[in-house]
Amino acid sequence: MKWIVGLGNPGSEYAKTRHNVGFMALDALADRHHISINQSKCKALIGEGMIQGEKAVLIKPMTYMNLSGESVRAYMDYYKVALEDLIVVYDDMDTEVGKIRLRYQGSAGGHNGIKSLIQHTGTQQFNRIRMGVSRPEPGHAIVDYVLSNFPKKEKDALDSMIETTCDALEYSMKDTFERTMAKFNG
């Protein structure tokens, strides 16, 4: 079984923001595979289903971004799941809009959601898909930037990035994350 955590913030006011691309990707993946992410468990909304013939659990922490690790830890403890079966999907300012980067370890890089996951899991070694949101213009506050909506001019790049993320997640169901990285990091 794979468990996929998309990072974001709950609430309609955050739904289309840069910080919520992890939620957007999980919603798109759920749509592709007719999975409803509507069970409330472990401080998260959860959906279970089959992807590429494998059982998958899609998890959207409802703790707000900075406390995402609480939800992940609660899920790990309750369901006794292995960290190597986890894939985290989240926004990354060091990657341009439309691009994704896959990694199996690394620091938080200033991302508070990842910082929380590292703190609550006790390791930096977990699979991740970083979805590009680019950096703000100089002088623009980072918090305002990540909590702002994508502009219309980035819609095609955003849609394409979400589709590519779903493709990578599907591929990872049947193959190793190492090979998934090789294929999708180009």
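Now for a quick tour of the structure. Keep in mind that this is a model prediction, so the values were computed, not measured.

Take the sheet that holds strand β6 (residues 100–103) next. Strand pairing within a sheet occurs via backbone hydrogen bonds; the two strands may be parallel or antiparallel. As summarised here, the arrangement of the 7 strands in space is β2-β3-β4-β1-β5-β7-β6, forming an open sheet in which the pairing is mixed. Among the strands making up the open sheet, the edge pair consists of β2 (39–41) and β6. Put simply, the sheet's adjacent strands are angled 25° from each other on average, direction ignored. Where strand β1 (residues 2–6) and strand β4 (residues 54–61) come together, 4 bridges link them in parallel fashion.

A few words on the packing of helix α5 (residues 155–174) against helix α6 (residues 177–184). Viewed as axis vectors pointing N to C, α5 and α6 meet at an angle of 150°, and their least axial separation amounts to 9 Å. As summarised for this structure, α5 and α6 are arranged roughly antiparallel, according to the angle between their axes. Every pair of crossing elements has a handedness; the one defined by α5 and α6 is right-handed. Within the contact between the two elements, α5 uses Thr164, Asp167, Ala168, Tyr171 and Ser172 and α6 uses Phe177, Arg179, Thr180, Lys183 and Phe184. Looking at the contact of α5 with α6 residue by residue, the class counts come to 4 nonpolar, 3 polar and 3 charged.

What follows deals with the pattern of salt bridges. The final tally for this structure, using the stated rule, is 12 salt bridges. The closest approach of N and O atoms between Glu170 and Arg32, which form a salt bridge, is 2.9 Å. Of the two residues, Glu170 sits in helix α5 while Arg32 sits in helix α1 (residues 21–32), which places them 138 residues apart along the sequence. Residue Glu170 is classed as buried on the basis of its relative accessible area, which comes to 13%. Owing to a relative accessible area of 28%, Arg32 belongs among the partly exposed residues under this scheme. A salt bridge links Asp175 to Arg179, with the nearest nitrogen and oxygen atoms 3.1 Å apart. For Arg179, a relative accessible area of 52% gives the class exposed. Salt bridges sharing common partners tie together Arg32, Glu163, Asp167 and Glu170.

Of all 6 residues making up strand β7 (residues 127–132), 6 are buried, and the element is well covered by its neighbours. Two strands pair when backbone bridges link them, and β6 and β7 are joined in this way by 4 bridges, in the antiparallel orientation. Counterpart to Arg103 in the pairing with β7 is Arg128.

Take the nonpolar core next. One finds Leu58, Val89, Ile129 and Met131 to be the most contacted residues of the largest nonpolar core, which totals 35 residues. Only α1, β4, β5 (86–92), β6, β7, α4 (142–146), α5 and α6 provide two or more residues apiece to this core. Once you skip the residues sitting within four places of it in the chain, Met131 turns out to touch Val21, Gly22, Ala25, Val89, Tyr90, Asp91, Asp92, Lys99, Ile100, Met161, Ile162 and Thr165. Membership of the second largest hydrophobic core comes to 22 residues, among which are Ala44, Ile59, Val81 and Tyr90.

In this section: helix α3 (residues 112–121). All of the buried residues in α3 are Gly113, Ile114, Ser116, Leu117, Ile118 and Thr121. Close packing links the buried residues of α3 with α2 (68–79), β5 and β7. Residue Gly122 follows α3 closely and has a positive phi angle near 75°.

Contact geometry for α2 and α3: axes closest at 7 Å, N-to-C directions at 35°. Considering only the axes of α2 and α3, their crossing is right-handed. Every residue of α3 that contacts α2 at Ser68, Gly69, Glu70, Val72, Arg73 and Met76 is listed here: Gly113, Ser116, Leu117, His120 and Thr121. Each residue belonging to the contact of α2 with α3 can be placed in one class, and the counts come to 3 nonpolar, 6 polar and 2 charged.

Cut-offs applied
Residues numbered from 1 in each chain as written. Predicted model: local features only at pLDDT ≥ 70, side-chain atom pairs only at ≥ 80, totals over all residues. Heavy atoms only, no water. Pairing = 2+ DSSP bridges. Helix = DSSP H or I, 4+ residues; strand = E, 2+ residues; numbered from the N terminus. Axes fitted to C-alpha atoms, helices over the stretch in contact; angles between N-to-C directions. Parallel < 35°, antiparallel > 145°, perpendicular 65-115°, else oblique. Left-handed = near helix turned anticlockwise from the far one by under 90°. Contact = heavy atoms within 4.5 Å. Nonpolar A, V, L, I, M, F, W, Y, C, P; charged D, E, K, R; others polar. Salt bridge = Lys/Arg side-chain N within 4 Å of Asp/Glu carboxyl O. Buried < 20%, exposed > 50% of the residue type's maximum accessible area, 1.4 Å probe, protein only. Core = buried A, V, L, I, M, F, W, Y, C linked by side-chain atoms within 4.5 Å.

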